[in-house]
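# Examination of the molecular architecture
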Amino acid sequence: GRHREHVRLATRVERITGSDGHFVLHTSDGDVHAERVVLTSSARRTSSLLADIAPAAAAAAATLTYNHLAIVHLHTTQPVERGIGVQVSFEEHDVVTRGVTFNDALFERTGVYTSYLGGAQHAEVAAWNDTRTADTAVREFAHIARIDPTLVSVVSVARAAMPAWDRSWRALTQIRPPAGIDFCTNWDARPGIPGRLAHARRIADALSRGADAFAPIAVPAVAPFTPMQRPRSGRT
């Protein structure tokens, strides 16, 4: 409410120009001038926004790959073993569910569970319609939780793209925005909610002090991925 006059909803930023503390955001509703800019967009969208002022960083950001997921919220009246959730091993080739979050235990959402389907090994899920996706989520969740599938209902089906964190992420070392531009995204740091909130607070604090909020990211070398390095099957 305090900053209502400065908030623009449904306003697309087409590109960014300028430098040295004077940036121009060219938007669908006219130009916006700013001393500092924080980008919260995907890697590919960020790449297009940096094309004019940081072409090398833009080119590197464009190479980061994403995994497409179907997110299905489920509800059941049948008791399920309590826990944080389930992560499905890469060895389980007969299921497309990658993991399940137990909202029931974590967030006191009685009977609610969230299944994540698809990912790198099952990219075909991205092309499925909602009915097939929902039916598969119900069947596999019931199998994982050892409950009756007829007692599982679908709350909603959504789609998302998540950073793959594969070998393409070596390019992070080449993504250096100009001074005055910072990132607050799920691809320049881990996507968990607590980490995102902490990152946002650090940037907000840096902006309020006029300090540089961007810190270089150390990317470890990625070893060859072999079957021996895959996690064993089992529930967690």
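See the structure printed just above.
Here is what the cut-offs are and how they apply
Residues numbered from 1 in each chain as written. Predicted model: local features only at pLDDT ≥ 70, side-chain atom pairs only at ≥ 80, totals over all residues. Heavy atoms only, no water. Helix = DSSP H or I, 4+ residues; strand = E, 2+ residues; numbered from the N terminus. Buried < 20%, exposed > 50% of the residue type's maximum accessible area, 1.4 Å probe, protein only. Contact = heavy atoms within 4.5 Å. Pairing = 2+ DSSP bridges. Axes fitted to C-alpha atoms, helices over the stretch in contact; angles between N-to-C directions. Patch = residues over 30% accessible without salt bridge, like charges linked within 9 Å, V, L, I, M, F, W, Y side chains within 5 Å. Areas by Shrake-Rupley, 256 points an atom, 1.4 Å probe, with all protein chains shown as cover. Salt bridge = Lys/Arg side-chain N within 4 Å of Asp/Glu carboxyl O.

### Here's the deal with the environment of Ser156
Along the chain, Ser156 turns up in strand S9 (residues 152-163). Look at Ser156 and you get partly exposed, because its relative accessible area is 28%. Considered as a pair, Ser156 and Val72 are 84 residues apart in the sequence and their alpha carbons are 5.8 Å apart. When neighbours within four sequence positions are excluded, Ser156 is seen to be in contact with Ile71, Val72 and His73.

### Here's the deal with the sheet that holds strand S7 (residues 97-101)
If you trace the 5 strands from one edge of the open sheet to the other, you get S6-S7-S8-S5-S9, paired in antiparallel fashion. With partners counted over all chains shown, the strands left at the sheet margins are strand S6 (85-87) and S9, one partner each. Neighbour to neighbour, the strand axes of the sheet diverge by 20 degrees on average, direction disregarded. Bridge count for S7 against strand S8 (residues 112-118) is 4 bridges, and the pairing is antiparallel.

### Notes on the sheet that holds strand S2 (residues 22-27)
Across the sheet, which stays open at both edges, the 3 strands sit in the order S1-S2-S3 with antiparallel pairing between neighbours. Across the chains shown, the open sheet's two edge strands, defined by having one partner strand only, are strand S1 (13-19) and strand S3 (30-34). The average angle at which neighbouring strand axes cross in this sheet is 20 degrees, direction not considered. Relative to S2, S1 runs antiparallel, the two being bridged by 6 bridges. Within S2, the residue paired with Arg15 across the bridge is His26.

### Here we look at a nonpolar patch on the surface
On the surface, Ile84, Leu106 and Phe107 cluster together to form a nonpolar patch covering roughly 320 Å² of accessible area. Its place among the elements puts Phe107 in helix H3 (residues 103-107).

### Focus on the pairing of S2
The element S2 is extensively covered by neighbouring structure, given that 5 of its 6 residues are classed as buried. Linkage of S1 to S2, two consecutive antiparallel strands, is achieved through a turn of 2 residues, within which Asp20 is found at a positive phi near 50 degrees. Two elements, S2 and S3, share 5 bridges in a ladder whose sense is antiparallel. Directly across from Thr27, in S3, lies its bridge partner Gly30. Here S2 folds back onto S3, and the loop between the two strands holds 2 residues.

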